[in-house]
Amino acid sequence: MNNAYIGRTVSETPFQLELLAAKTRQAIVCEFSKECRLGSDTGNDVQITGDGVLPRHAKIFVSEDSALFIAAIDDAPITVNGALADKPLMLNNGDWLLFGSTPFQIKFQSSQAADDVLSGDDTSAGVTLTGKSVLTIGRLPQCDITIPSPLVSREHAKLTRESTGWVIEDCGSTNGTFVNAVRISGKQPVLANDWLSFAAFDYRFDGNAIIPSNQDGQVKIEVYRLTKEVKESSGQTKRLLDSLSFAIHPGEFVGIFGTSGSGKSTLLDALNGRRPATSGDILYNEIDLYGAFDLFRAAIGYVPQQDIVHRKIVMQHALKFTAKLRLPPDTSDFEMDENVLKVLEKVGLAEKAGLAVDTPTPLSGGQLKRVSLAVELVANPNVLFLDEVTSGLDAGTDKKMMQLFRSLAEDKKTVVCVTHTLENIDTCHLVLLLHQGRLVFYGPPQAVIGYFGIDRLSDVYELLESRSASYWADKYRASNFHDTYVEKRLKLSEQRDNKDVLKSNTRPTNNKWLQSWRQTKTLMSRYCELILSDRKNLLILILQAPLIALIVSLVFEMDDQIALRAAKQSQILFIMVLSAIWFGCLNSARELVKELPIYIRERSVNLGLGPYIVSKLIPLSLLCFVQCFLLLGVIALSISVPGDLIQRFLILFASGMAATTMGLCVSAFVNSNDKAVATVPILLIPQVILSGAVVNLEGAGLWIAKTTMISYWSFDAMKLTLGEEIRAVKDFTGTTVVSIAGSTGSDLAAIAGLGLFFLIATAIGLKLKDTKK
Ligand SMILES: Nc1ncnc2c1ncn2[C@@H]1O[C@H](COP(=O)(O)OP(=O)(O)OP(=O)(O)O)[C@@H](O)[C@H]1O
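Residues numbered from 1 in each chain as written. Predicted model: local features only at pLDDT ≥ 70, side-chain atom pairs only at ≥ 80, totals over all residues.

### Some details on the overall build of the protein chain
For the protein chain, the count of helices and strands is 22 helices and 32 strands. In terms of overall dimensions, the protein chain has C-alpha extents of about 120 × 70 × 50 Å along its principal axes. Looking at the protein chain as a whole, 44% of its 773 residues are labelled buried. Partitioning the intrachain contacts of the protein chain with sequence separation of at least 6 by distance along the chain shows that 64% fall at a separation of at least 24. (Helix = DSSP H or I, 4+ residues; strand = E, 2+ residues; numbered from the N terminus. Buried ≥ 20, exposed ≤ 12 C-beta atoms within 10 Å, placed from the backbone. Contact = placed C-beta atoms within 7 Å.)

Spelled out as structure tokens, the structure:
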């Protein structure tokens, strides 16, 4: 936010100022101690030319406390980050200035600092390569270029002078090194005027120096004729967004509002790359977002409507797990803890850091939203998208949340928020109003009432319905607001030199295994903490095994008559098999769906499918192991069923594990807990009917059992553990009491095959969730 100036201009501190022309990328440099005048006339301290630049346009001056201010001369048109400079406005490094309709980015520092830079002590204005053969870039202070952001690895990349010229190499960073927006793997030569990006921090290589272009990782978003069409089930094409054009500057908080179904969420998801538009361009810092998504992946924060936090884990731990998943692996525990506490403080939850969301008393709706926001802020995104996060909150809480979002924008983040609540929309710098997929207003929130001629903001929806969307879109296009907030802003880069950046988006494969292993470890620790946080539930899951075993030993008594004994032993083995399948399936059936919003969010950042599934499978297999062990142990101690116990345990465990994957598969395909619970019986009851224990199977029934039933094969394998004399017993009709279908090897292979099938299906189900966001 730019502040109005009230003081005198007395500072003697010399300033070095650089104005970077957005169109040509040429820099105009000037040094001054008190004041500097700008305009197209040669008599100015800085001569700037371009559309709408007046002979004497503006002055930049230093205040008492050495801050820099800009003021228009004779009401000349100037905006600072889109805000009209109708009074002196304070300047921040990296601000965007519009003189008439000519855009510049301003960079400045004191001359002392500039001297330090050129001697290589600081990197804010670039580092010269003269006399150097290697230049390191990273988060560590001893790097030649230090970028103090958690998104950047300690030693992120290295520039080396080789006989053929300068070569850049990524040092295994998490968020990548990019040359002209394409992620590199291995060494790559760099040429003069190449753009180098480290995570979302841009630099220009001019052959002799590395010059920061976007040192704070700020993101400017430009949208050109954005259109989204979908095919409806009737086969007809539906246009959800219709040729939207606008720009959002770094440090701006923009609210998107509009009638229900007007396309707000569709627009938000197109802007953040989750659900790309079908045509038009979205440029982040003049680079095509969809073509270079990897470059911005780490810089984008997204808070969806649903909460993206595990409610039973202590907040500080939950945030640290997120930090471990998203920040570079070389981030120390200390750095992560510090970051987590800083973020919790920022969202006003520092005193609750040691509590879980649900305990001892659940957090309020507003606090819960703050936790979701904190989860995203941990990775320090430069652009933040918020999808109706204040829905359902009271007006007071909504106001506090909106103020919090604005304060994030003031930290130079670009913040875009879809909102239904209009009471506090004044908190936004700009608002974007949608109606039936058309842009019908984009400008300051205070101007909406006057523009539409309504008494209250909420009347705007009724008014919009009174005419067609194209009427309102045309009216807006003809307005001054369109001229100021769309036309002039987009002129900023009509000649953008990077618009046609390479669209290829290669992902390097180095460190893939290591990264997967790290993710698996972090996800597994989080899952274990989640399981252990609900000890009562865990106890119930574990105790059900000995409980079933005790009931079995109560109701079964071994008979002297061998045929009856064989039948009973076979029944006990069947109950054991069924219990193991039941345990496995019930343990896992809700485990993926219950954290679906978290999965979808993490997946859009960097979550690997393999690590995610393995992180569930290992703790669940431990649980299944204990359950099978207790079931078999208690039955073996209380009732005599002779046979090889180790072999029985292995069969039970294998069946339990195959059923675990079956449960995961259910969880991966459904979209709610209730559906998962409702689906489980549909899978488990056939395991009884088609096991071969209830009826003799023939024809189609037998075929279905053989191809799909874990119980069919595990029951067969269990029967093979019975003694020879029991397996040979025949009843009075001459039929074998314990009928055997295969061998232990083939039975186990079939169980493993079914487990593998469900595992692959789980992966497919999860993958489909990626596209259904
Ligand atoms: N994949 C799709 N296929 C068909 N129609 C869709 C699809 N996605 C969204 N829509 C429709 O597009 C319109 C815009 O949806 P969107 O969710 O963006 O609106 P919204 O303004 O966010 O709505 P709300 O305020 O109710 O949340 C709605 O009518 C929605 O039903």
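### Description of unusual backbone geometry
The backbone of Ser243 sits at a positive phi, close to 50°, despite the residue not being glycine. Mapped onto the elements, Ser243 comes out in strand 24 (residues 237-248). Within the chain, Lys412 stands out as a residue other than glycine whose phi angle is a positive 75°. Here Lys412 is to be found in the loop between helix 7 (395-410) and strand 30 (414-418).

### Some details on the sheet that holds strand 31 (residues 430-435)
Each strand in a sheet pairs with another by means of backbone hydrogen bonds, the pair being arranged parallel or else antiparallel. Pairing within the open sheet is mixed, and its six strands lie in the order 28-29-30-25-31-32. Of all the strands in the sheet, just strand 28 (300-303) and strand 32 (438-443) have a single pairing partner and so form its edges. Strand-to-strand twist in this sheet, taken as the mean axis angle between neighbours without regard to direction, amounts to 15°. Here strand 31 runs beside strand 32; their pairing, made up of five bridges, is antiparallel. Residue pairing for strand 32: Leu434 is matched across the bridge by Leu439. Along the sheet face, helix 2 (residues 264-271) touches strand 25 (253-258), strand 29 (383-387), strand 30 and strand 31 and points at about 155° away from the line of strand 30. Along the sheet, helix 7 contacts strand 25, strand 29 and strand 30; its crossing angle with strand 30, the most-contacted strand, is approximately 155°. (Pairing = 2+ DSSP bridges. Axes fitted to C-alpha atoms, helices over the stretch in contact; angles between N-to-C directions.)

### Description of the domain arrangement of the protein chain
Taken domain by domain, the protein chain comprises domain 1 (15-108), domain 2 (127-214), domain 3 (221-299 + 381-495), domain 4 (312-380) and domain 5 (515-772). For domain 2 and domain 3, the distance between their C-alpha centroids amounts to 34 Å. Residue-level contacts link 11 residues of domain 2 with nine residues of domain 3. (Domains from an automatic or database assignment.)

### Digging into the site of the ligand
The immediate surroundings of the ligand are formed by Val230, Glu232, Lys238, Leu240, Gly258, Ser260, Gly261, Ser262, Gly263, Lys264, Ser265 and Thr266. For the shell around the ligand, the elements supplying multiple residues, two or more each, are strand 24 and helix 2. Here the shell around the ligand takes three residues from helix 2, the largest share from any one element. Residue classes in the shell around the ligand are distributed as two nonpolar, seven polar and three charged. (Near = placed C-beta within 6 Å. Nonpolar A, V, L, I, M, F, W, Y, C, P; charged D, E, K, R; others polar.)

### A word on the UniProt feature "domain: FHA" (unreviewed entry) in the protein chain
Per the UniProt entry, the sites bearing "domain: FHA" (unreviewed entry) are residues 135-184 in this numbering. Here residues 135-184 is 0% helix and 46% strand, with 17 Å between the C-alpha atoms at its ends. (UniProt positions renumbered as here; feature names shortened; annotations may be inferred.)

### A short note on the sheet that holds strand 26 (residues 279-284)
The sheet built from four strands is open, its strands ordered 24-23-26-27 with antiparallel pairing. The strands lining the two open edges of the sheet, one partner per strand, are strand 24 and strand 27 (287-288). Taken together, the five bridges between strand 23 (residues 221-231) and strand 26 define a ladder with antiparallel strand orientation. For Tyr224, the partnering residue across the bridge sits in strand 26 and is Asp281.

### Quick look at the UniProt feature "transmembrane region" (unreviewed entry) in the protein chain
When the UniProt feature table is mapped onto this chain, "transmembrane region" (unreviewed entry) is found at residues 538-558, 570-589, 617-637, 649-670 and 748-768. End C-alpha atoms of residues 570-589 are separated by 28 Å, and the span's content is 95% helix alongside 0% strand.

### Brief notes about the confidence of the model for the protein chain
Taken over all residues, the pLDDT of the protein chain has a mean of 85, while the share at 70 or more is 91%. This model gives residues 110-124 a pLDDT under 50, and the stretch forms 27 contacts once residues within four places in sequence are excluded. Residue range residues 492-510 is modelled with pLDDT below 50. Its contacts to residues more than four positions away, or to other chains, number 41 contacts. At the level of chain-chain contacts, confidence expressed as ipTM amounts to 0.95, with global pTM at 0.71. (pLDDT = per-residue confidence, 0-100.)

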